[in-house]
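# Report on the structure
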Amino acid sequence: MDRSEIIVELIQKYSSPPNLGETLFRLTEGSYSTGPPWTVKQFMEVTEQRNIQCIVAYYENQLIGYAILSVLPPEAELYLIVVDKKFKKQGIATLLFERINSYLEHVQVDSLFLEVRKSNEAAINLYQKNKFEKIGERKNYYSHPREDARVMIKKIERRKEQGLSTDTRDFMKRVRILAIETSCDETSVAVIEDGEKILSNVVASQIKSHQRFGGIVPEIASRHHVEQITLIAQEALNEANLSIENIDAVAVTEGPGLVGALLIGISAAKAIAFAHGLPLIPVNHIAGHIYANQLVRPLTFPLLALVVSGGHTELVLMQKDGDYHIIGETRDDAAGEAYDKIGRVIGVPYPGGKHIDEMAQKGEDTFHFPRGMMKENNYDFSFSGLKSSFINRVHNAEQKGEELNKEDLAASFQASVVDVLVSKTIRAAKEYGVKEIVLAGGVAANRGLRNSLSKAVEEQLENTSLAIPPLALCGDNAAMIGAAAYVEYKTQHFVDYSLNAKPGLELS
Ligand code: KG4
Ligand code: ZN
């Protein structure tokens, strides 16, 4: 037998052979002197269960061995490990154990248990060889014939996720998260694999319905979400080429955002989770914006995130996944909010940020607006002074019948915002010695900011990289929610159906 021809793999539930239970039963029939421990029906039922994983060994397309595990982190139990009679004593069981080990290392399991008949010396030897130790006995655990069980345990060392070989990654079970985002005016559903790969990301914008009001009307937003959410969820699954059975968890934005809008996403997520027995993961919208960058490449810690959106402007220090420490934030308007307000004054459609950015490319900083809190020795921001200067300048000109160059106005406004954001970010990055700066939020789409920050990092920081999300992931979308949710999935941070919207939720 050519050992290099043996394939040992974790069965993917969504692509498992339809008669898996029966195949496993047949193989087991010939291997147990006492007959298979389960009936065909039991094999079929067990392999269908969500917490059950099967690892199989093939040789020349024939199933020659398998292991069935129940995995409920931080513990797992080995139900069965079986090798075809014809292939015994050839190290197949050891290969299966190696695969079990490398799988468990990555799913936050630290102990693997098993029970074995006390008289089954061959099996006990095999387990001991594979580093299992006896921890106890169960009296009369087995029937036909009645016998005690020996309980054994193997400690699994957790491995760092970084630096995995592709082989190990391929072997790990892929985790698919269905993510929902409805915090403001975008109805979005995405399917994300292992927190980093976008299988689909459907975003339905309602902005046209709000534009004539010059801002988001909460009632209209909720109504649109209700109409859209089911269709968008189905579209996200279709686009990912998956059905709900292939999904491992449902994630949803719990806040911050508009309460009515959030509630639609949360209700949909709960319904899907309940109907399909899936775990439910709440996600902070701002964490989502930060993790949008993980969809491009893995984050490097410690990192400093500059979060700039319609509702937030803050500098967030992160030592590790899911660990947020706000070192500075806006004392009044958020950067995006300031853009949208001055956009209204010079008559561009809502939201003004994108239009001002485009105009700014064609103008120059001739107005020299103030740089709010630029010189102050902290990491807070203020944009209301800038906004007032801008509005006063425009109104004064109107009163005098003076014509101002709108492109220069836009460029001057943008220069002030970008100067402050970039200089405080660079200063904080130096002080905290971060390895990476991450740009996040709707305003991350701003060309002036992207260019200035890239230049400043290149010129002023030697050992710090910069992550900027692609334009499609800067605005609100569910892909980023799925990416952030994966952090919670790995630590099994699930919640029950009492989950509620938290409009003022802060990063913690
Ligand atoms: O993150 P986001 O989509 O929604 C919130 O969570 O708030 O951010 C929306 C904000 C709006 O204020 C919008 O004007 C701003 O991002 N924005 C921009 C640009 N694109 C979007 N601001 C400046 N320049 C842009 N290119
Ligand atoms: Zn946002």
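Scroll up for the structure.
The text that follows walks through the structure, step by step, so that each part is easy to find.

Conventions used here
- Residues numbered from 1 in each chain as written.
- Chains lettered and ligands numbered in written order.
- Predicted model: local features only at pLDDT ≥ 70, side-chain atom pairs only at ≥ 80, totals over all residues.
- Heavy atoms only, no water.
- Helix = DSSP H or I, 4+ residues; strand = E, 2+ residues; numbered from the N terminus.
- Polar contact = N/O pair within 3.5 Å; in protein donor to acceptor, adjacent residues only side chain to side chain.
- Contact = heavy atoms within 4.5 Å.
- Near = heavy atom within 4 Å.
- Areas by Shrake-Rupley, 256 points an atom, 1.4 Å probe, with all protein chains shown as cover.
- Buried < 20%, exposed > 50% of the residue type's maximum accessible area, 1.4 Å probe, protein only.
- Donors = N, O, S within 2.8 Å, 3.2 Å for Na, K, Ca; no water.
- Expected span 1.5 Å × (residues − 1).
- Bend = angle between axes of the 7 residues up to and from the residue.
- Pairing = 2+ DSSP bridges.
- Right-handed = clockwise from strand over helix to strand, strands pointing away.
- Phe/Tyr/Trp six-rings, centres within 6.5 Å; stacked < 30°, edge-to-face > 60°.
- Lys NZ or Arg CZ within 6 Å of the ring centre and 35° of its normal.

Excluding glycine, a negative phi dihedral is what most residues carry, and trans is how most peptide bonds are arranged. Put simply, glycine 255 and proline 256 share a cis peptide bond, and its omega is -10°. Considering the arrangement of structural elements, one finds proline 256 in the loop between β11 (249-255) and α8 (259-276). Looking along the chain, the bond that leaves phenylalanine 301 and enters proline 302 is cis, with omega of -5°. Position of proline 302 relative to the elements: it lies in the loop between α9 (285-291) and β13 (303-308). The residue lysine 131 is not glycine, and still its phi comes out positive at about 70°. Backbone geometry places glutamine 492, a non-glycine residue, at a positive phi of 55°.

Time to look at the side chain of serine 31. With respect to the helices and strands, serine 31 occurs in the loop between α1 (20-29) and α2 (40-48). Looking at serine 31, its side chain comes within polar contact range of the main-chain oxygen of leucine 27, at 2.9 Å. Setting aside anything within four residues of it in sequence, one finds serine 31 in contact with Val82, Val83, Lys85 and Lys88.

Ligand 1 sits among 19 residues. The nearest are His289, Gly310, Asp340, Gly442 and Asn446. Between ligand 1 and the protein, one listed contact pairs an oxygen atom with a backbone N or O atom of glycine 311 at 3.4 Å. Note that an oxygen atom of ligand 1 is positioned 3.0 Å from one of the backbone N or O atoms of glycine 442. Burial of ligand 1 by the protein chains amounts to 84% of its free accessible area of 550 Å². Only α9, α10 (335-345) and α11 (353-362) provide two or more residues apiece to the shell around ligand 1.

A few words on the environment of isoleucine 64. Among the secondary structure elements, isoleucine 64 is positioned in strand β3 (residues 62-72). Owing to a relative accessible area of 0%, isoleucine 64 belongs among the buried residues under this scheme. Placed 56 residues apart in sequence, isoleucine 64 and valine 8 show a C-alpha to C-alpha distance of 9.8 Å. With sequence-adjacent residues up to four places away left out, isoleucine 64 is seen in contact with Ile6, Leu27, Ala57, Tyr58, Tyr59, Val82, Val83, Asp84, Phe87 and Ile92.

A word on the coordination of the zinc ion (ligand 2). Of the protein atoms, only His285 (NE2), His289 (NE2) and Asp476 (OD) coordinate the zinc ion (ligand 2), at distances of 2.0 to 2.1 Å. Here the donor residues of the zinc ion (ligand 2) share one chain and are spaced in sequence as H-x3-H-x186-D. Of this pair, histidine 289 sits in helix α9 while aspartate 476 sits in the loop between β17 (465-467) and α15 (478-490); the two residues are 187 residues apart in sequence, bridging distant segments of the chain.

With that settled, the discussion passes to helix α7 (residues 218-240). Between its first and last C-alpha atoms α7 spans 30 Å; for 23 residues at 1.5 Å apiece the expected length is 33 Å, and the two agree. The axis of α7 is deflected most strongly, by about 45°, at glutamine 228. Residues Ala221, Ser222, His225, Ile229, Ile232, Ala233, Ala236, Leu237 and Ala240 constitute the buried set of α7. Of the surrounding secondary structure, the elements contacted by the buried residues of α7 are β8 (176-181), β9 (186-193), β10 (197-205), α6 (207-211) and α8.

Our focus in this paragraph is the pairing of β11. For β11, a buried count of 7 out of 7 residues is recorded, marking the element as mostly surrounded by other parts of the structure. The pairing of β11 with strand β12 (residues 280-284) spans 5 bridges and is parallel. Its bridge partner being in β12, valine 252 is matched across the sheet by proline 282. In this fold, the crossover linking β11 to β12 by way of α8 has right-handed handedness.

Within the secondary structure, leucine 104 is located in helix α3 (residues 92-105). Since its relative accessible area comes to 0%, leucine 104 is described here as buried. Linking leucine 104 and valine 417, residues 313 residues apart in sequence, is a C-alpha distance of 48 Å. Once residues lying within four places of it in the same chain are set aside, the contact partners of leucine 104 are Val71, Ala76, Val109, Leu112 and Ile156.

The next point concerns α8. Taking 1.5 Å per residue, 18 residues should reach 26 Å; α8 reaches 26 Å between its end C-alpha atoms and fits that length. Those residues of α8 lying buried are Ala261, Leu262, Ile264, Gly265, Ile266, Ala268, Ala269, Ile272 and Ala273. Elements in contact with the buried residues of α8: β8, α7, β11 and β12. Phi turns positive, to about 60°, at glycine 277, one or two residues after α8.

Right, let's talk about the packing of aromatic side chains for a bit. One pass over the full model with this rule turns up 18 aromatic pairs. Between phenylalanine 25 and phenylalanine 43, the aromatic rings sit 6.0 Å apart at their centres with planes inclined by 75°, giving edge-to-face as the arrangement. Here the residue phenylalanine 25 occupies a position in helix α1, and phenylalanine 43 occupies one in helix α2, the gap between them amounting to 18 residues. Pairing tyrosine 59 with phenylalanine 87 gives two aromatic rings, centres 5.9 Å apart and planes at 65°, and the pair type is edge-to-face. With tyrosine 59 in strand β2 (residues 52-59) and phenylalanine 87 in the loop between β4 (75-83) and α3, this residue pair connects regions lying 28 residues apart in the sequence. Classification of phenylalanine 87 by relative accessible area gives buried; the value is 15%. In this structure an aromatic cluster arises from ring pairing among Phe25, Trp38, Phe43, Tyr66 and Tyr79. Seen from the ring of phenylalanine 381, lysine 424 lies directly overhead, with NZ or CZ sitting 6.0 Å from the centre.

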